[in-house]
Structures are given as C-alpha cells and as structure tokens.
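For reference, the chains in residue letters:
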Amino acid sequence: MRAGRRRADRAKIAVLLMAPLLFAAAFGLSRSSYASHPRRPSRPLSVPPRFERIVRENLLQAGVLAPQRAPEAVQTSSS
Amino acid sequence: MHLTSSPIDWYAARAGGVVAYVLLTIVVLLGIAMSSGARMERWPRFALKDVHRFAGLLTGTFLVIHIATIAIDSYLPFSLTSLVVPFTSSYRPVFIGLGIIGAELLLALAVTNRLRDRLPYATWRRLHYLNFAVWGAATVHGLGSGTDRGTPWLVAIEATAIGAVLTATGWRVLRARDALTPGRLAAVTAGAVVVAAAAVALVLGPLAFRPHPWNPARFTDALGGRIVQQTGATRGIVSMAGEGTGAQHVLVRADLLVAPARLLDTAFQMEYLPSGAHCRGRVLRITDGGLGFLAHCRIGAGPQHTVRARWDSSDGGVLSGGTITSAA
C-alpha cells in the first residue's frame, strides 16, 4: 500500500514536471513552425500630406482660412 | 476581453492546447487501465486513480490557459460568444465548435466527479464514458483547426495519441468479453495504426493548413470602399479608399490631385495586413466610368505590382460590389 502510494506520488511529480516541459517544447515548436509577424490593427490609409498641403495653400491663396463646412442644423426648443 | 496582440500570447495559446490534449490522452489511457480491472502488482487501483485524477486537474489547467490566451488575443478572430457557443466562430466553425463542445463536456464531467458521492454509481459511470466523446472531439478539433495542425511534430503527437487510445480501447473490450488473445490484440493494434494513418493522411491532405503567402504580388479580393472629396479654391483631392478581403487582406487608397478639367498628380497606396507592408505608387488611369482605377506600386525597392480595382456601383459615395486584382 505504501509502495503504491509512493509510486503514485512519483508519477504525479513526473506528470507535473512533464507538463511545463512539454509546454515549453510546444511553445518553441509553434514559434519555429509559424512565427508570428508584426501585427497592427487596420487603420484607414490617409491622403498624401503633399496633396493636403497643396489644397490648404490653394485655399489660403484664395483667402479662405478654413475649408468650407455646411452650417450646422438649426435647433429650436421645440425641435 | 481582447487585451494583447503579443506573439507570446499566440504561442502560449497553441502550446496550451497541445499540452491539454496530451494530458487528456494520458487521463483516458489511465481510465481505460483502471476500468479494465486488470491486476497490476506494482500499480494498485488507488494509485492509478490518484494519478488519473491529478492528470485530469492538470488537463483542466492547460485547457484554461488555451482558452484564456485565445480570448485575450486581439489578433485572433474570437469574441467571447464565439468561444462559448459552439459553431459560431468565423474561423473553421465546425472544428472550433467541436473543441468548445469537448471543453464544455469536460467541465460538466468535472462537476459530476465532484458530485460522485451523491450520484448512483451506474449513472456516474455511464456519464464518465462521455470522456471518450471529449477526447474524440478534442482529437478532431486538433486535426482540423490551429496553425500547427500540419506540422510533423503535432501530427506525430496526434497519430500516437489516436493509436494508443484505440489500441487500449480494443484491449479493454476484448478483455471484458474474455476474448483477449495475442492474435486479436495484434489485429486491434493494426486497426488502430490504420486509423492513425488515415488521420495523418487527412491532416496532410484535405485538412492541411495552407497559410496565405506573405505580401503576394498576385491575388484577387472582394473590395468595399468609398469616394471622398476635399475641395480647395482651384485644387481638390478625389480619393477612392477601400478594404480588400478574401485571399489577402489589404487596405487600398487612390488619391487624385485635381484642378478644373485637369489631373495634376496621383498617389496610390496599398497596405498588406497583417504584415503592415506598404506598396506605394501612382494611379495610371481611371477606369469603369470613374468606378475603378489601374495603378502601379512597389514595396520598398521591390518589383512592380500592377493593381486593378473596380466597383459595381456607388451610392452616396459608398462603393460596393468591387474586386481588386494584383499582378506582378
């Protein structure tokens, strides 16, 4: 009985040691099989700064300080 | 729940799944050995039971690591719902669904183990046989999903697990029927080897992992998009921006610097995802009555790519029904 318990304890220690070792090995193998890559969340591409500068300067030359915007909708207390 | 995009998390998710599967296989093999009633001088039943239970707990621990690391990875396409409700995942829904069913069944069986003293033994034992279903679901989950599924090391682990569990099950059934002979055991082992070989053929054939090529010159994707205009006094920018999805995920943008009745300059940008590589160049011409364009671009000093984009329709600046084709 005591010998059986001792064997069980040894087996549990072996399993406990094997699991992190296997984890480390699988971690390394995963990395070598398919390494990760630079990950970036997708962001919309923007207008080339040179184009934006040309349009801004064009507006300034025409005397417009800011791009034209539609007037905000009028709101009344009853709307 | 998406907390990180670290590659370490991705490797941990994959490794956690592998360890959980190996431990589950050990638990099943120990369970078969215990249920056979075979007398082993050096391994009394209580000792096997102790190791069986301990390995089961460790399986649960690594399963939690597997699921938690997937849940917090912002790059992987899993919401909390798609990790809990089977067959709702956008990525390989059947195989992921089987993994979820296996994990949830394992949790339910862990609860029945805790309540074992309150359940009739026959009921508990019948429920405990569902562990075979858990192992089967985990096996199919591993064969059909995951980045490493076609790698030699994981194929070897799965083939060994399948061969071992099927041979042990055959041995157990023959023993229970008092029909265990060396010839029959050899036949059962041969059958298990054939099934394991079939699984290997499946994972290297129809279920093989074929990763998208990295920043390919050639691809065709579906394309959504919009037209945006920015106007100055006598200069303006007309932009067509879209997102290609399908074979290769890309963001595209064509910008035209215009003067009244004149095209002054053009710019074209295409970003490959997830690499973030930028292909930059110029728009050669507008096509399809203003609903498409042809462009050239290069990634750094690399070879030139010819990109053709077109949309079927535009409604209030929203472009739909498009395709993007890139060629070397």
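None of these values were measured; they are calculated from a predicted model.

Draft legend 1. Region of interest: the overall build of chain A. From N to C terminus, chain A includes two helices and zero strands. The buried share among the 79 residues of chain A stands at 11%.

Draft legend 2. The arrangement of unusual backbone geometry in detail. Residues and elements named next belong to chain B. For Arg92, which is not glycine, the phi dihedral falls at a positive 40°. Considering the arrangement of structural elements, one finds Arg92 in the loop between α3 (80-84) and α4 (93-114). By the C-beta count within 10 Å, which is 16 here, Arg92 ends up partly exposed. The phi torsion at Asp288 lies on the positive side, around 50°, for a residue other than glycine. Position of Asp288 among the secondary structure elements: in the loop between β5 (278-287) and β6 (292-299). Here Asp288 falls in the partly exposed class, since 14 other C-beta atoms lie within 10 Å of it.

Draft legend 3. Broad picture of the interface of chain A and chain B. Between chain A and chain B, the contact holds 35 residues from the first and 49 residues from the second. Breaking the side of chain A that touches chain B down by element, the ones donating at least two residues are α1 (2-33) and α2 (49-61) of chain A. Per-element accounting of the side of chain A that touches chain B gives the leading share, 16 residues, to α1(A).

Draft legend 4. Quick look at the domain arrangement of chain B. In terms of domains, chain B is made up of domain 1 (7-204) and domain 2 (219-327). Spacing between the C-alpha centres of domain 1 of chain B and domain 2 of chain B amounts to 49 Å.

Draft legend 5. Seen up close, the environment of Leu45(A). All names here are of chain A. Mapped onto the secondary structure, Leu45 falls in the loop between α1 and α2. Overall, the presence of 21 C-beta atoms within 10 Å leaves Leu45 in the buried class. Between the alpha carbons of Leu45 and Ala62 there is a distance of 28 Å; along the sequence they are 17 residues apart.

Draft legend 6. Layout of the pairing of strand β3 (residues 249-259) of chain B. Residue and element names in this part refer to chain B. Burial runs high along β3: nine of the eleven residues are buried. Inspection of the sheet shows strand β2 (residues 236-246) paired to β3 by nine bridges, in the antiparallel sense. When the sheet's bridge partners are listed, Gly244 is paired in β3 with Val250. Pairing between β3 and strand β4 (residues 262-273): eleven bridges, direction antiparallel. Counted as the bridge partner of His249 is Leu273 from β4. Adjacent in sequence and paired antiparallel, β3 and β4 are bridged by two residues, among which Ala261 carries a positive phi angle near 60°.

Draft legend 7. Broad picture of the packing of helix α7 (residues 152-176) of chain B against helix α8 (residues 182-204) of chain B. Residues and elements named next belong to chain B. Viewed as axis vectors pointing N to C, α7 and α8 meet at an angle of 150°, and their least axial separation amounts to 8 Å. Relative to α8, the element α7 is oriented roughly antiparallel. Between α7 and α8 the crossing geometry is right-handed. For the contact of α7 with α8, the residue count by class is 16 nonpolar, five polar and two charged.

Draft legend 8. Quick peek at the pairing of strand β9 (residues 318-327) of chain B. All names here are of chain B. Pairing geometry for strand β1 (residues 219-231) and β9, over seven bridges, is antiparallel. Across the sheet, Ala222 pairs through a bridge with Thr323, a residue of β9. With five bridges joining them, strand β7 (residues 304-310) and β9 adopt antiparallel strand pairing. Paired with Val307 across the strands is Ser326, a residue of β9. Connecting the antiparallel pair strand β8 (residues 313-315) and β9 is a turn made up of two residues, with Gly316 showing a positive phi of about 60°.

Draft legend 9. The arrangement of the packing of α1(A) against helix α1 (residues 7-35) of chain B in detail. Direction vectors running N to C along α1(A) and α1(B) enclose 135°, while the axes themselves pass 8 Å from each other. In terms of orientation, α1(A) and α1(B) fall into the oblique class. The two elements α1(A) and α1(B) meet at a crossing, and its hand is right-handed. For the pair formed by α1(A) and α1(B), the contact residues are Ala19(A), Leu22(A), Phe23(A), Ala26(A), Phe27(A), Ser30(A) and Arg31(A) on the first element and Tyr11(B), Ala12(B), Arg14(B), Ala15(B), Gly16(B), Val18(B), Val19(B), Val22(B) and Leu23(B) on the second. In the contact of α1(A) with α1(B), the residues fall into twelve nonpolar, two polar and two charged.

Basis of the calculations
Residues numbered from 1 in each chain as written. Chains lettered and ligands numbered in written order. Predicted model: local features only at pLDDT ≥ 70, side-chain atom pairs only at ≥ 80, totals over all residues. Helix = DSSP H or I, 4+ residues; strand = E, 2+ residues; numbered from the N terminus. Buried ≥ 20, exposed ≤ 12 C-beta atoms within 10 Å, placed from the backbone. Contact = placed C-beta atoms within 7 Å. Domains from an automatic or database assignment. Pairing = 2+ DSSP bridges. Axes fitted to C-alpha atoms, helices over the stretch in contact; angles between N-to-C directions. Parallel < 35°, antiparallel > 145°, perpendicular 65-115°, else oblique. Left-handed = near helix turned anticlockwise from the far one by under 90°. Nonpolar A, V, L, I, M, F, W, Y, C, P; charged D, E, K, R; others polar.

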